[in-house]
Amino acid sequence: MHKLTRHIQHYLPLIGVFLVGILGFRMFAYDRVFQSVIVVATAASYVAWGFVHHHIHDDLHLSVILEYIAIAFLGVVIVFSVLFRA
Amino acid sequence: MMTTALTVLHYFYPQYSNNHKAKLLHSPTLFLLSALLLIFQLFIQSLSHSNIKILGYAANISPSEVINLTNQKRVEAGLPALEYSAPLTQAAKAKGEHMIAQDYWAHVAPDGTDPWSFFLNSGYKYRYAGENLARDFTNPSSAVDAWMASPSHRENMLSGKYKEIGIAVVEGDLAGTDTTLIVQLFGTQLSDTSTSVPLALAQPQATAAPTKLPIATLSVTPTVAALVPAIEVTPVISEFPEENFKVGESSQNINKGFSLLLSPFDTTRSVSLAVVLLLLVVMVADAFIVYRKKIPRVSGRFFAHFAFLGMILAIIIIVKAGEIL
């Protein structure tokens, strides 16, 4: 929590991206393709954020990047599964 | 028993055996989880290609309700209500049945049959024509709301060019899944020379497919341009026999195989919710334990992961069944 408040300027853009993603997903509820693009773009932004954030903090390791990619990939798989079954 | 407990701890609790990070949160496990979810989707897909019938959406959609809701939206927008048309209803029914028979979900059939041919085949000679399609909605208002949210479909619903409407709700097997299709057709007969919009506005517009106008549109005589009748806002609620435009395939389905009560959407959503919630809980517990024990480790940021999965959770909750075209 202490780290979170100390680096709030790092987390605000990330939260902003996620909120825009949710808003866009809701606004374009009739357009499956655009919703898919929103999810992929948000996941890519999340991985990019992780890369930049850890690079700034000098703790960028392959395992860390793989962790972000794994979570992003899982998120995309889950959303696509639900989206294309809806 | 002891071994099971140790395995559970290994997957859910940060300790020496998992390098002080719950095994479930390790990258290889997450990739494995993704692969399992993909295999699960393939399994559901294989059911629809097998002899097993899977439940799609047992929707109870009343065509008259769709017409009433459409007219309600038009009246709210200051447009006259559309009148029920029996030939348009017949055309909508024919289109829905054609989609089921030919197993497609599109405005134009794979064999090249366009929507306008259904108008003509039912004896409806049109000046203007439009088509909206919907599938798998659980109630009429969700379908109408989805059309209203899409600019091109909304344009069809709120167009002053159209005078009549025909709706058919067709149930059948589309790509191996029980499906409820809603076909909404709009039209103005060729003999109708009045129009509630100036000619300039009634010209074909370069928008999405559903608003395509037939060649007949171009034959509007210049005298029509001057006719801009006062807009009536009285909704027209016609007497329409429900059974005439609600089509089902239930009798055909009986002999196709046994039914498995499985809704692909609901099942996928439930599994997805369970996976995301489990990950969030394990993630919170893992972060709490590591923080309390002051364990130093190389890892991604908990808050970033938590926020991302929170977004995924919100999206799973937001997604609604139903698709429009």
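Remember, predicted model here, so these are calculated numbers, not experimental data.

**Observations regarding the pairing of strand β4 (residues 164-174) of chain B**
Remark: a regular strand shows side chains that alternate across the two faces of the sheet.
All names here are of chain B.
In step 1: By the criterion of burial, β4 is predominantly enclosed, with ten of the eleven residues buried.
In step 2: As defined by bridge partners, strand β2 (residues 83-84) adjoins β4 across two bridges and the pair is classed as parallel. Paired with Glu-83 across the bridge in β4 is Glu-164.
In step 3: Bridge count for β4 against strand β5 (residues 177-189) is eleven bridges, and the pairing is antiparallel. Its bridge partner being in β5, Gly-166 is matched across the sheet by Leu-185.
In step 4: The hairpin formed by β4 and β5 contains two residues between the paired strands, and Ala-175 there has a positive phi angle of roughly 55°.

**Some details on the confidence of the model for chain B**
Residue and element names in this part refer to chain B.
In step 1: Averaged over every residue, the pLDDT of chain B is 78; the share at 70 or more is 75%.
In step 2: Every residue in residues 197-245 is under pLDDT 50, and counting partners more than four places away or in other chains gives 92 contacts.
In step 3: With pLDDT under 50 throughout, residues 248-257 is counted as low confidence; its partners more than four residues away or in other chains account for twelve contacts.
In step 4: The ipTM, which scores confidence in the relative placement of chains, is 0.95 for this predicted complex, and the corresponding pTM is 0.71.

**A word on the nonpolar core**
In step 1: Core analysis: the biggest nonpolar cluster contains 46 residues, and Tyr-46 of chain A together with Leu-279 and Phe-308 of chain B have the highest contact counts within it.
In step 2: Of all elements in the fold, only α2 (8-27), α3 (32-56) and α4 (62-83) of chain A together with α2 (27-49), α10 (264-293) and α11 (302-318) of chain B reach the threshold of two or more residues within this core.
In step 3: Broken down by element, the residue count for this core peaks at twelve residues, all from α4 of chain A.
In step 4: Sequence-distant contacts of Tyr-46 of chain A, that is, excluding residues within four places in its chain, are made with Leu-14, Phe-18, Tyr-68, Ile-71 and Ala-72 of chain A together with Ala-304, His-305 and Phe-308 of chain B.

Each value, and the rule that gives it
- Along each chain, numbering runs from 1 in the same order as the chain's sequence is written.
- Whichever chain is written first is A, and whichever ligand is written first is 1; the rest continue in order.
- Two thresholds apply to this predicted model, a pLDDT of at least 70 for residue-level local features and 80 or more for giving and counting side-chain atom pairs, whereas whole-chain, interface and lining totals are computed over all residues.
- Side-chain metrics in this entry use all non-hydrogen atoms of the structure; hydrogen atoms and water are not considered.
- Only protein chains enter the accessibility calculation, which uses a 1.4 Å probe; a residue is then buried when its area is under 20% of its type maximum, exposed when over 50%, and partly exposed in between.
- Only DSSP runs of H or I covering at least 4 residues are called helices, and only runs of E covering at least 2 are called strands; the numbering of each starts at the N terminus.
- In this analysis, strands are considered paired if DSSP registers two or more bridges between them.
- The quantity called pLDDT is the predictor's confidence in a given residue, expressed from 0 to 100.
- Contacts are assigned to residue pairs with any non-hydrogen atoms lying within 4.5 Å of each other.
- Nine residue types can take part in a nonpolar core, namely buried Ala, Val, Leu, Ile, Met, Phe, Trp, Tyr and Cys, and a core is a set of them joined through side-chain atoms within 4.5 Å.

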